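An overview of the molecular structure
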Amino acid sequence: FGPKAMNTWGLAVATAFFAAFAVVYQQHHDASMLLFTFLCVLFFALFLGPNVATFLLPVVAFPEEVRSTFHGLSAAAAKVG
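Residues numbered from 1 in each chain as written. Predicted model: local features only at pLDDT ≥ 70, side-chain atom pairs only at ≥ 80, totals over all residues. Heavy atoms only, no water.

Observations regarding the packing of aromatic side chains
Throughout the structure, instances matching the rule amount to three aromatic pairs. Seen in terms of ring centroids, Phe17 and Phe38 are 6.0 Å apart; in terms of plane orientation they differ by 55°. Their pairing is tilted. Highlighted residues: Phe17 in helix 1 (residues 3-27) and Phe38 in helix 2 (residues 32-61), separated in sequence by 21 residues. Ring geometry for Phe62 and Phe70: centres 5.3 Å apart, planes at 70°, overall edge-to-face. (Phe/Tyr/Trp six-rings, centres within 6.5 Å; stacked < 30°, edge-to-face > 60°. Helix = DSSP H or I, 4+ residues; strand = E, 2+ residues; numbered from the N terminus.)

Next comes the structure, spelled out in structure tokens:
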């Protein structure tokens, strides 16, 4: 279960919860606790999958000799856009 699969599954789960959130919001505007629960699970899925995979992917991708330098460069590139 590497970072690529973690990223893919995290985004797939987030997509499902975004869709569920949209359906519940369209059908029941006043279901605030249910919408809040969907939002909490959505944030959990986003932070658990793609967020963690962002930090794990450079560790797996770069060789040990240049890992810290390239990890810093990839983090800086992510900050730029």
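Observations concerning the environment of His29
Mapped onto the elements of the fold, His29 is located in the loop between helix 1 and helix 2. Filtering out sequence-adjacent residues up to four positions away, His29 remains in contact with Val24 and Leu35. For His29, the side chain forms a polar contact with the main-chain oxygen of Tyr25, separated by 3.1 Å. (Contact = heavy atoms within 4.5 Å. Polar contact = N/O pair within 3.5 Å; in protein donor to acceptor, adjacent residues only side chain to side chain.)

Re a nonpolar patch on the surface
Residues Leu39, Phe43 and Phe47 make up a contiguous nonpolar surface patch of roughly 280 Å² in combined accessible area. For Leu39, the position within the fold is in helix 2. Judged by its relative accessible area of 31%, Leu39 falls in the partly exposed class. (Patch = residues over 30% accessible without salt bridge, like charges linked within 9 Å, V, L, I, M, F, W, Y side chains within 5 Å. Areas by Shrake-Rupley, 256 points an atom, 1.4 Å probe, with all protein chains shown as cover. Salt bridge = Lys/Arg side-chain N within 4 Å of Asp/Glu carboxyl O. Buried < 20%, exposed > 50% of the residue type's maximum accessible area, 1.4 Å probe, protein only.)

Some words on the environment of Phe62
Locating Phe62 in the fold gives a position in the loop between helix 2 and helix 3 (67-80). Excluding its chain neighbours within four sequence positions, the residues that come into contact with Phe62 are Arg67, Phe70, His71 and Ser74.

As for helix 2
Taking 1.5 Å of rise per residue, 30 residues should cover 44 Å, and helix 2 covers 42 Å from first to last C-alpha, within 8% of that figure. Along helix 2, the sharpest change in direction is near 40° and occurs at Thr54; proline Pro58 comes one to four residues later. Taken residue by residue, helix 2 has Leu35, Phe38, Leu42, Ala45, Gly49, Pro50, Ala53 and Pro58 as its buried positions. (Expected span 1.5 Å × (residues − 1). Bend = angle between axes of the 7 residues up to and from the residue.)

So far we have only geometry, and geometry alone does not tell us how the molecule works.
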